[in-house]
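Each chain, written out:
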Amino acid sequence: MDSKTSPAENKSFSNTYTLVAKIKPGQADTIRKVAKAGLEGGQWGSGSDVLGILHYQRFFIIEDKYLVFTSEFDGESDDSYLSDFYSMEITPGPSFGIFNSAWKYTEGWPGPGDRDAFIKFWKDNKVEELLTYSYYPGVTAKDVRKAVRLQKAFQSVLDQPGAAEALKHPALKALLAEASD
Amino acid sequence: MNLELDDIQNGALRPRPTPYAGVYILLRVDDRRAGRELLRRLLPALFDASHPADPGAKTWVSLALTFQGLKALGVPQASLDSFPLAFQQGMAARATMLGDVGEDAPECWESPLGRPEVHIAISAISPDTAHLEAVLAPAREALKNLPGVEAIWRQDCHVPADLRNPFGFRDGISNPGIEGSGIPGTNPQEQPFKAGEFFLGYPNEVGELPPMPAPEILGRNGTYLAVVKYHTRVAAWRQFLRANAAGPAEEDRLAAKMVGRWPSGAPLVLAPERDDPELGADRRRNDNFLYADEDARGLRCPMGSHARRMSPRDSSIIGVARIHRVLRRGTAYGPMLPEGVLEDDGVDRGIVFVFVGADLERQFEFVKKEWVNDGLFIGSKGEKDPMMGPNNGTGQFTIPQEPIRQRVKGLPAFVTNRGGEYFFAPGLRALRWLADLDS
């Protein structure tokens, strides 16, 4: 841990959301099949990605008893976008279909069609995090995407003839400093 | 599904006539029977929404109640408990979450705003002051000889003939269409919204029949109002433009970029280079646009401009814009700061906003927290609404432009929250039910 930065500065701007739901007896393998199909079908992520604030979503099965879902997303008010999430997925949204396909094998899952029941399930099964440490705090998913695009653009600039000459311009000093590796 | 127009309060549904003179009055109910008697006396003055073009309707009167007001009238506890949490708590209790801190905090609010003695709000609007007084006179009569109800606040307001707000911009242009209301929206390219977004008892955009306060007769056809009084720091606004632009034309351009429209109301998307007063005044055209095709990157209308934040339309944002649409009514108060004056004259002037919606959390509160107080939803974390946001002298506003975007820094707050509250605007049957309470 960098001794110069305080714990507060290292607190991640993003939030982690973890849900733990009890799997209905004998259904763990069903969930495994659903996950495999979702991955192979290429649908996973394409819907919820539209939300734009997600860093990752992960599912785990523990001891064939518990389905754990954890995601990391941007923003400090973690419940603000629940309605949006529900709304985007309930109409032909591929991801909720996938959430529903996995969660319907857990106890208490209300299914699609009832927003309040969905939010209750979400909050009832939420697990509060003990600790998160971010090694690049304050970076949003959008920042990441922009940074990747910028990096690609910058690297292709470096490959252009005349790049070295252009980077000598005083305004481009900060870019020149990044050019050597 | 058709709205029960004959039960919805006219003032809640219909766009206001412009220009108009108006007044807001807040009342405290000390005796429940007196409160109910007041409702009985005022009911005949309340028009329902099925008489839009009634030439006799020279004045519109609306009535709404706070949670404390419902309590003061003696509404049964089980019914009180059925109201949503935000409404029960009231705006002041939720101020921190809403970003109303520092100068905007309830401790600084104009009394009695935000206090539990605010029970009933009456608003009356009229094409001119003479008609307004004509309606207020019987209202004053109704209040006389009614000890047990006290008027505790009054705010005169108006929309001037040129429809300009205190910053000099034509305001209140955009309104959503509401299914089953017979009222089209101002933007023909925007699909009308499910009635349940704005009135209780109907399906909403999230695809369901949302919970209503109980009993049904109380909840049905009602709606919630978020009322906020904003003092506008017009001199500071003009000083900022002067300091951040080279010359009057640049100042006008910067102001338009911050607002999202020109002073005439012409939207930047349709008039990217200069104001177009004809367009601004043309109701058929001044709201007839979307963003995605013409201006996805905000090169005409910045993503962070006020108008684009308040209604992102089909912009690429985080989340679903449609489930956060608010019906917004705004009126000005106080005299205009004379043109060309950059020094603050110490006069109170500003805007009283009324946001109408069936879900305070998903609509008003969400818009305030996510679209005014921050820019995460447009990928500009930390940037706030340039006109209405709680900037503190370090605010930043990005204007996309080619070849290099312009970034304006050091934005102060241009508005101060003087106070507000959440109200429930019942349907007419509900008002009769309240007047007939017998406990």
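Here, every reference points to the structure presented above.
Residues numbered from 1 in each chain as written. Chains lettered and ligands numbered in written order. Predicted model: local features only at pLDDT ≥ 70, side-chain atom pairs only at ≥ 80, totals over all residues. Heavy atoms only, no water.

K.L.:
I'd like to hear about the environment of Phe364(B), residue by residue, with values.
P.N.:
All names here are of chain B. Relative to the assigned elements, phenylalanine 364 resides in helix α13 (residues 361-372). In this structure phenylalanine 364 comes out as buried when scored by relative accessible area, which is 6%. Considering only alpha carbons, one finds phenylalanine 364 and proline 211, 153 residues apart in sequence, at a separation of 18 Å. Ignoring anything within four residues of it in the chain, the contact list for phenylalanine 364 reads Met91, Leu98, Ala226, Val228, Val326, Phe355, Asp359 and Tyr422. (Helix = DSSP H or I, 4+ residues; strand = E, 2+ residues; numbered from the N terminus. Buried < 20%, exposed > 50% of the residue type's maximum accessible area, 1.4 Å probe, protein only. Contact = heavy atoms within 4.5 Å.)

K.L.:
Mind laying out α13(B), listing which residues take part and the relevant values?
P.N.:
All names here are of chain B. Counted at 1.5 Å a residue, the expected span for α13 with its 12 residues is 16 Å, but the 14 Å between its end C-alpha atoms falls short. Taken across its 12 residues, α13 has 11 buried, putting it largely inside the fold. Turning to α13, its buried residues are Arg362, Gln363, Phe364, Glu365, Phe366, Val367, Lys368, Lys369, Glu370, Trp371 and Val372. (Expected span 1.5 Å × (residues − 1).)

K.L.:
For the pattern of salt bridges, give the residues involved together with the corresponding values.
P.N.:
Residue and element names in this part refer to chain B. All told, the structure shown has 37 salt bridges over all chains when counted by the stated rule. The closest approach of N and O atoms between glutamate 365 and arginine 94, which form a salt bridge, is 2.7 Å. Of the two residues, glutamate 365 sits in helix α13 while arginine 94 sits in the loop between α5 (85-89) and β3 (120-126), which places them 271 residues apart along the sequence. Judged on exposure class, the residue glutamate 365 and its partner arginine 94 are both buried. Salt bridges here are not isolated pairs; linked through shared partners, they connect Glu4, Asp7, Glu216, Arg220 and Arg429. (Salt bridge = Lys/Arg side-chain N within 4 Å of Asp/Glu carboxyl O.)

K.L.:
So what's going on with a nonpolar patch on the surface? Which residues, and what values?
P.N.:
A cluster of nonpolar side chains, namely Phe60(A), Ile62(A) and Tyr66(A), defines an oily patch on the protein surface of about 260 Å² accessible area. Here Phe60(A) lies in strand β2 (residues 54-62). (Patch = residues over 30% accessible without salt bridge, like charges linked within 9 Å, V, L, I, M, F, W, Y side chains within 5 Å. Areas by Shrake-Rupley, 256 points an atom, 1.4 Å probe, with all protein chains shown as cover.)

K.L.:
Would you mind going over the side chain of Arg261(B) in detail, with residue names and values included?
P.N.:
Residue and element names in this part refer to chain B. When you line up the elements, arginine 261 lands in the loop between α9 (248-259) and α10 (277-281). Looking at arginine 261, its side chain comes within polar contact range of the main-chain oxygen of glycine 265, at 2.9 Å. Only 2.7 Å separates the side chain of arginine 261 from the side chain of aspartate 287, close enough to count as a polar contact. In contact with arginine 261, other than residues within four places in its own chain, are Phe169, Ile173, Ser174, Ala256, Ala266, Pro267, Leu268, Asn286, Asp287, Phe289 and Arg313. (Polar contact = N/O pair within 3.5 Å; in protein donor to acceptor, adjacent residues only side chain to side chain.)

K.L.:
Kindly report on the packing of aromatic side chains, identifying the contributing residues and their values.
P.N.:
Residue and element names in this part refer to chain A. One pass over the structure, following the stated rule, counts 30 aromatic pairs over all chains. Centre to centre, the rings of tryptophan 103 and phenylalanine 121 are 5.9 Å apart; their planes meet at 65°, and the pair counts as edge-to-face. Here tryptophan 103, found in helix α4 (residues 94-103), pairs with phenylalanine 121, found in helix α5 (residues 115-124); they are 18 residues apart in sequence, far enough to count as distant. Note on tryptophan 103: relative accessible area 1%, which makes it buried. Judged by relative accessible area, phenylalanine 121 falls into the buried class, the value being 4%. Look at tryptophan 103 and tryptophan 122: their rings are 6.1 Å apart centre to centre, the planes differ by 85°, and that puts the pair in the edge-to-face class. Here tryptophan 103 is found in helix α4, whereas its partner tryptophan 122 is found in helix α5, with 19 residues between them in sequence. A cation sits over an aromatic face here: arginine 58 above tyrosine 56, 4.1 Å from the ring centre. (Phe/Tyr/Trp six-rings, centres within 6.5 Å; stacked < 30°, edge-to-face > 60°. Lys NZ or Arg CZ within 6 Å of the ring centre and 35° of its normal.)

K.L.:
Go over the interface of chain A and chain B, please, and point to the residues and values.
P.N.:
Contacts between chain A and chain B engage 21 residues on the former and 19 residues on the latter. Taken together, both faces of the contact between chain A and chain B bury some 1600 Å²; the carbon and sulfur share is 55%. When the area that chain A buries against chain B is broken down by residue, the three leading residues are Tyr81(A), Asp84(A) and Arg115(A), summing to 33%. Counting every contact that joins chain A to chain B gives one salt bridge. Taken together, the links from chain A to chain B amount to three residue pairs in polar contact (both at pLDDT 80 or more). (Buried area = accessible area lost by both parts, 1.4 Å probe.)

K.L.:
A description of the nonpolar core should follow, citing residues and the corresponding values.
P.N.:
All names here are of chain B. Residues Trp237 and Leu434 are the most contacted members of the largest nonpolar core, which totals 115 residues. With six residues, the single largest contributor to this core is helix α8 (residues 234-244). Ignoring anything within four residues of it in the chain, the contact list for leucine 434 reads Arg36, Leu39, Leu65, Leu70, Leu73, Val75, Leu218 and Pro426. Counting residues in each nonpolar core, the second largest holds 30 residues, with Leu3, Tyr24, Leu225 and Val227 among its members. (Core = buried A, V, L, I, M, F, W, Y, C linked by side-chain atoms within 4.5 Å.)

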